[in-house]
Amino acid sequence: MTTRQTHLTATATRQTHLTTTRQTPEVAPDAVYVTGWGVASPLGMGAADFSKAFVEERDALADVTAMFEEKLPAERAFAIPDFQVRDHLGRKGTRFFDRSTALALVACDQTLQDTGFAVTDENRGQVGLILGTTSGSVKSTSDFSRETITEDRPYLVNPVLFPNAVMNCAAGQAAIWYGLKGVNTTIAGGRMAGIAALRYASRSLRWGDADALLVGAVEEFSPHNAWLTHLPGGSAPAGEGAALVMLERGEALLASGRRPDAEIMAVASASADPADRPAFVEAFADCVRQALREAGVVSGDLWAVAPGSGPESAIETATLEAGLGGDTVRRLPVARLVGECHAAQGALQLAAVLAHHRQDAALDGRPALITSFTPEGGVGAAVVRGWQR
């Protein structure tokens with residue numbers, strides 16, 4: 001058993017007796033930590049509201065029949081029908097934001113309010129943003145493309161709509177809005193986007209490419225995404241949301257004396273042929289085992305796993321059984337509470353773990369597992385341990 005595993009086991013033992021005492025995190029200078037987070041979701045705006053709603057397992061399904069003129073596959077979805085970006089960021093400069101950009105900026109705003117890190121003129125060159133997506137705003141791209149056909153001439157399209165049709169629109173607008181002049185990257189990874197963004201950001205911080213990074217993913221609800229979710233036979237209703245975390249190296253926390261929300265202990269990813277189900281599950285399970293090894297964690301240390309899909313997913317259920325060696329670990333009902341949010345799913349899975357830590361000091365120092373896969377063959381896993389703040 002490694003030193004870290006001994007520490008984690010001892011921590012869990014102490015917590016059975018000290019369930020209301022907050023643990024003091026042992027911060028390592030070269031590790032990567034979450035120092036704040038924010039969410040724009042049907043379950044709530046901001047870490048506090050989302051945490052309370054998720055832990056209470058509130059029903060966030062909403063009537064979406066009045067949101068669009070186009071036909072929808074279902075009358076209810078995990079959407080925010082009354083969402084208006086001006087209610088959160090004001091009217092000035094937000095008029096032409098598409099829904100994806102608006103959700104991302106609101107989540108960024110919530111994250112910056114939650115973290116103790118302040119963006120200043122002195123440090124903004126080392127503060128960046130890593131944002132996961134499926135392919136940007138599908139609605140914006142489709143609307144712009146349709147205008148090239150329906151208008152009298154292709155060049156009579158509304159030029160104001162064009163920036164929204166670019167995949168990195170949300171990340172670019174967020175950097176402009178908050179004055180972030182560091183690394184700015186958009187990762188198109190579908191349901192793996194959240195884990196891919198975590199992996200990219202962790203490496204960037206360890207390599208010294210940035211001092212602090214806003215990291216997460218976004219997905220909007222639209223008729224396009226609703227049908228893309230429904231037609232393949234998805235079991236969860238379509239959803240939307242954005243979730244971001246502020247990531248920093250441990251040395252910054254040691255210098256400032258700030259308390260982290262969580263440590264990103266390990267992130268692993270791989271790929272396999274989804275047509276070969278047994279081989280795909282084994283590759284996914286290997287990815288889980290790799291993340292646990294890198295984190296120095298055994299499955300018995302985990303307080304929970306936050307999968308991207310529900311228990312009806314045969315692939316993820318079989319993977320967890322194999323990857324965790326048959327150990328029974330609490331499964332957070334992410335898909336049941338947020339729906340199918342595609343690119344934002346992984347970021348919301350991380351938010352679900354952080355939500356429980358925000359609400360319960362008894363979980364201090366205990367690790368959780370996040371897993372994700374795509375129909376195209378991508379698999380990923382992350383190990384995170386958190387503390388109440």
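Each chain carries its own residue numbering, running from 1 in the written order of its sequence. Confidence filtering applies because this is a predicted model: local features only for residues at pLDDT of at least 70, side-chain atom pairs given and counted only at 80 or more, and all residues used for totals across whole chains, interfaces and linings. Hydrogens and waters are ignored; side-chain quantities use all the structure's heavy atoms.

What follows concerns the side chain of Arg-249. Helix and strand assignments follow DSSP, with helices taken as H or I runs no shorter than four residues and strands as E runs no shorter than two, numbered in order from the N terminus. Mapped onto the secondary structure, Arg-249 falls in strand E8 (residues 241-249). Whenever two N or O atoms come within 3.5 Å, that pair is a polar contact, provided that in protein one can donate a hydrogen and the other can accept it, and provided that, for residues adjacent in sequence, both atoms are side-chain atoms. A distance of 2.8 Å separates a polar atom in the side chain of Arg-249 from a polar atom in the side chain of Glu-251. Not counting the four nearest positions on each side in its chain, Arg-249 is found in contact with Pro-29, Ala-31, Tyr-33, Leu-205, Gly-208, Ala-210 and Asp-211. The contact criterion used throughout is that any non-hydrogen atoms of two residues lie within 4.5 Å.

Moving on to the environment of Arg-258. One can find Arg-258 in the loop between helix H9 (250-256) and strand E9 (262-271). Setting aside anything within four residues of it in sequence, one finds Arg-258 in contact with Thr-35, Thr-115, Gly-116, Phe-117, Glu-248, Ala-252 and Leu-253. Separated by 2.8 Å, the side chains of Arg-258 and Glu-248 make a polar contact. There is a polar contact of 2.9 Å between the side chain of Arg-258 and the side chain of Ser-256.

With that settled, the discussion passes to the confidence of the model for the protein chain. On average, residues of the protein chain carry a pLDDT of 91, and 94% of them reach 70 or more. Below pLDDT 50 for its whole length, residues 1-19 participates in 37 contacts with residues either more than four positions away or in separate chains. pLDDT measures how confident the predictor is about each residue, on a scale from 0 to 100.

Topologically, Ala-355 is positioned in helix H13 (residues 345-359). Counting along the chain gives 60 residues from Ala-355 to Ala-295, while the straight-line C-alpha distance between them is 21 Å. Dropping the residues within four chain positions of it, Ala-355 is found in contact with Trp-37, Phe-50, Ser-51, Phe-54 and Val-55.

The subject of this paragraph is empty space enclosed by the protein. We place a 1 Å grid over just the protein atoms. Points where a 1.4 Å probe fits but has no way out form a cavity, open points with protein on both sides within 12 Å along at least 5 of 7 lines form a pocket, and any residue with an atom within 4 Å of a point lines it. Grid points are joined across faces, edges and corners, and a volume is the space filled by probe spheres set on the points. Applying the stated criterion across every chain, the model contains three cavities of 30 Å³ or more. If you add up the space inside the largest cavity, you get close to 90 Å³. Along the wall of the largest cavity there are 17 residues; nearest its centre are Ser-100, Gly-136, Met-167, Cys-169 and Ala-170. Only helix H4 (99-114), strand E5 (127-133) and helix H6 (169-178) provide two or more residues apiece to the lining of the largest cavity.

Orientation is described by lines fitted to C-alpha atoms, with helices fitted over the stretch in contact, and by angles between N-to-C directions that extend from 0 to 180 degrees. Where helix H2 (residues 47-55) meets H13, the axes come as close as 8 Å, and the angle between the chain directions of the two elements is 90 degrees. Classified by the angle their axes make, H2 and H13 are roughly perpendicular. Facing Ala-47, Phe-50, Ser-51, Lys-52, Phe-54 and Val-55 of H2, the residues of H13 in contact are Leu-348, Ala-351, Ala-352, Ala-355, His-356, Arg-358 and Gln-359. Under the convention adopted here, Pro, Cys and the residues Ala, Val, Leu, Ile, Met, Phe, Trp and Tyr are nonpolar, Asp, Glu, Lys and Arg are charged, and Gly plus all remaining residues are polar. Among the residues making up the contact of H2 with H13, the classes are represented as eight nonpolar, three polar and two charged. Orientation labels follow simple angle bins: below 35 degrees gives roughly parallel, above 145 gives roughly antiparallel, 65 to 115 gives roughly perpendicular, and whatever is left gives oblique.

Here we take up the pattern of salt bridges. Salt bridge criterion: a side-chain nitrogen from Lys or Arg within 4 Å of a carboxyl oxygen from Asp or Glu. Under the definition given, this model contains 18 salt bridges. Note that Glu-56 and Arg-58 form a salt bridge whose closest N and O atoms lie 2.8 Å from each other. The buried label goes to any residue with under 20% of its type's maximum accessible area, the exposed label to any with over 50%, and the partly exposed label to all in between, with areas taken from a 1.4 Å probe on protein chains only. Glu-56 sits in the partly exposed class, given a relative accessible area of 42%. Relative accessible area serves as the criterion here: at 37%, Arg-58 is assigned to the partly exposed category. Of the charged contacts in the structure, one is a salt bridge between Glu-282 and Arg-289, with a shortest N-O distance of 2.5 Å. In this structure Arg-289 comes out as partly exposed when scored by relative accessible area, which is 24%. Among the ionic contacts, a cluster of salt bridges with common partners joins Asp-114, Asp-261, Arg-358 and Arg-389.

Another point: H4. Think of an α-helix as 3.6 residues a turn; residues three or four steps apart then line up on the same face. Given a helix with a known number of residues, its expected span is that number minus one, times 1.5 Å. Compared with an ideal rise of 1.5 Å per residue, which puts 16 residues at 22 Å, H4 spans 23 Å between its outermost C-alpha atoms and is within 8% of the ideal. In terms of burial, H4 is a largely internal element, 15 of the 16 residues being buried.

Once that is clear, we can look at the pairing of strand E10 (residues 304-307). Residues Ala-304 and Ala-306 line one face of E10 and the alternating positions Val-305 and Pro-307 line the opposite face, and both faces are buried. Alignment of E10 against strand E11 (residues 367-373), held across four bridges, turns out to be parallel. Among the inter-strand pairings, Ala-304 is bridged to a residue of E11, identified as Ala-368. For two strands to count as paired, DSSP must find a minimum of two bridges between them.

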